[in-house]
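As a plain string of letters, each chain reads:
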Amino acid sequence: MTSAISDDAARVEALRPAFAALLAADGWLPDACAQPDEASRMGSGIGQYALYRAQDGSLCLFSLVVPAGAATPVHDHLAWGLVGIYRGRQDETVYRRLDDGRDSARAQLEIAKRQQLRRGEFYVLLPPNDDIHYVKTISNTPSISIHLLANDTACVWRHRFDPDRGLVTPFRSGYANAPCPPDA
Ligand SMILES: [Fe+2]
């Protein structure tokens, strides 16, 4: 387990320069993947668009469009990765889990940190560290974040959380522009 964590950390480190360059480059994100999605399963018009998915489910690149003033549910990712801002600004609230996770329907969460992010800024996911969070758009235009994660994020069953009530619900966000495999 320790070696798995250090391998993932090394992978993330190695990807930093290319990911920074992607966030800095203009013109590559299709307009169709930069729009709110009124049919969103996350609500609030939040759009999640697949840009690349490895066939074996080991990696994906997607854009997440969060309209001005909207916030995602509190959620986890269940994979290592890099997440950065391409347009707009976001406020991120990260939670720390205090219980042992034995009860699949309940979680005791407390806020671990908050940060504001603008274009070019990115953070690392190395579960279980910092894996539970939500983001809110604080620019007056939609924010677009770019995610490179080591799973097929929108198609795996993960979790959304209600920190005030201590509740956990199974959650599959789905891509707005691509179906999930029927057996996922
Ligand atoms: Fe997230």
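Since this is a predicted model, take the numbers as computed values, not measurements. Think of each chain on its own: its residues are numbered from 1, step by step along the sequence as written. Only residues with pLDDT of 70 or above have their local features reported here, since the model is predicted, and side-chain atom pairs are shown and tallied only from 80 upward, although totals for entire chains, interfaces and linings are computed over all residues. The side-chain values count all of the structure's non-hydrogen atoms but skip hydrogen atoms and water molecules.

Q: Honestly, the overall build of the protein in this entry has me stumped. Any pointers?
A: Put simply, DSSP marks the helices as runs of H or I at least four residues long and the strands as runs of E at least two long, and each gets a number from the N terminus on. Helix and strand counts for the protein stand at 1 helix and 11 strands. Each helix and strand of the protein, placed in order from N terminus to C terminus, yields the pattern α-β-β-β-β-β-β-β-β-β-β-β. In terms of C-alpha radius of gyration, the protein reaches 16 Å, essentially the compact-globule figure of 16 Å for 184 residues. If one aligns the C-alpha atoms of the protein with their principal axes, the spans along those axes are about 45 × 35 × 35 Å. Each residue is assigned to one of three classes by its accessible area relative to the maximum for its type, calculated with a 1.4 Å probe on protein chains only: buried under 20%, partly exposed between the two thresholds, exposed over 50%. By residue count, 43% of the 184 residues in the protein fall in the buried class. In what follows, a contact means two residues having at least one pair of non-hydrogen atoms within 4.5 Å. Excluding contacts between residues fewer than 6 apart, the proportion of contacts in the protein whose partners are at least 24 apart in sequence is 72%. His is not counted here, nor are the chain ends, while Lys and Arg score as positive and Asp and Glu score as negative. Each charge is placed at NZ for Lys, CZ for Arg, CG for Asp and CD for Glu. Of the charged side chains in the protein, 19 are positive and 22 negative, and the gap between their average positions amounts to 4 Å. The globule rule is 2.2 Å times the number of residues to the power 0.38, and the radius of gyration it is compared with is taken over C-alpha atoms.

Q: Would you mind showing me how to read the pattern of salt bridges here?
A: Proximity of charged atoms lets side chains of opposite charge pair with each other. In the sections that follow, a salt bridge refers to a side-chain nitrogen of Lys or Arg positioned within 4 Å of a carboxyl oxygen of Asp or Glu. Applying the stated criterion across every chain yields a total of 10 salt bridges. Here arginine 16 makes a salt bridge to glutamate 13, at a shortest N to O gap of 2.9 Å. With arginine 16 and glutamate 13 both in helix H1 (residues 2-24), this residue pair falls 3 residues apart, about one helical turn. The exposure class of arginine 16 is partly exposed, given its relative accessible area of 32%. Under the relative-accessibility criterion, glutamate 13 is labelled partly exposed at 47%. Measuring nitrogen to oxygen at the nearest pair gives 2.4 Å for the salt bridge that ties arginine 96 to glutamate 110. On the criterion of sequence distance, the pair formed by arginine 96 in strand E5 (residues 90-97) and glutamate 110 in strand E6 (residues 109-117) is long-range, its members being 14 residues apart.

Q: Hey, could you run me through the state of the cysteines in this one?
A: Should the sulfur atoms of two cysteines be covalently bonded, the bond is a disulfide. When two cysteine sulfur atoms lie within 2.5 Å, the pair is treated as a disulfide. A full pass over the atoms with the stated rule returns 1 disulfide. Unpaired in this structure, cysteine 33 has its nearest cysteine sulfur neighbour in cysteine 60, at a distance of 13 Å. For cysteine 33, a relative accessible area of 7% puts it in the buried group. With no disulfide partner, cysteine 60 has as its closest neighbouring cysteine sulfur the one in cysteine 155, 8.6 Å distant.

Q: Whenever I open this one, the packing of aromatic side chains confuses me. Can you help?
A: Given two aromatic rings, one states the distance between the centres and the angle between the planes to describe the pair. Aromatic contacts are taken between Phe, Tyr and Trp rings whose centres are within 6.5 Å, Trp giving its six-membered ring; a plane angle under 30 degrees counts as stacked, one over 60 as edge-to-face, and the others as tilted. Taken as a whole and assessed by the stated rule, the structure comprises 4 aromatic pairs. Ring geometry for tyrosine 95 versus tyrosine 134: centroids 6.4 Å apart, planes at 35 degrees, classification tilted. One end of the pair, tyrosine 95, is in strand E5; the other, tyrosine 134, is in strand E8 (residues 132-137), with 39 residues separating them in the sequence. The exposure class of tyrosine 134 is partly exposed, given its relative accessible area of 22%. Two limits define a charge over a ring: the Lys NZ or Arg CZ must be within 6 Å of the ring centre, and within 35 degrees of the ring normal. One residue, arginine 119, lies across the ring of tyrosine 86, its end atom 4.9 Å from the ring centre.

Q: Is there a simple way to think about empty space enclosed by the protein in this case?
A: One water molecule sets the probe size; rolling that probe over the atoms shows where empty space is left. Residues are called lining when one of their atoms sits within 4 Å of a cavity or pocket point, these points coming from a 1 Å grid over the protein atoms alone, where a cavity is a set in which a 1.4 Å probe fits but cannot get out and a pocket is an open set with protein on both sides within 12 Å along at least five of seven lines. Grid points are joined across faces, edges and corners, and a volume is the space filled by probe spheres set on the points. Counting across every chain of the model gives 2 cavities of 30 Å³ or more. Of the pockets and cavities examined, the largest cavity occupies roughly 60 Å³. Together, Met42, Gln48, Phe62, Leu64, His75, His77, His147 and Arg158 line the largest cavity. Polar here means any residue outside two lists: the nonpolar Ala, Val, Leu, Ile, Met, Phe, Trp, Tyr, Cys and Pro, and the charged Asp, Glu, Lys and Arg; Gly therefore counts as polar. Here the lining of the largest cavity is composed, by residue class, of 3 nonpolar, 4 polar and 1 charged. The space that makes up the second largest cavity amounts to roughly 40 Å³. Broken down by secondary-structure element, the contributors of at least two residues to the lining of the second largest cavity are E8 and strand E9 (143-149). A class-by-class count of the residues in the lining of the second largest cavity yields 4 nonpolar, 6 polar and no charged.

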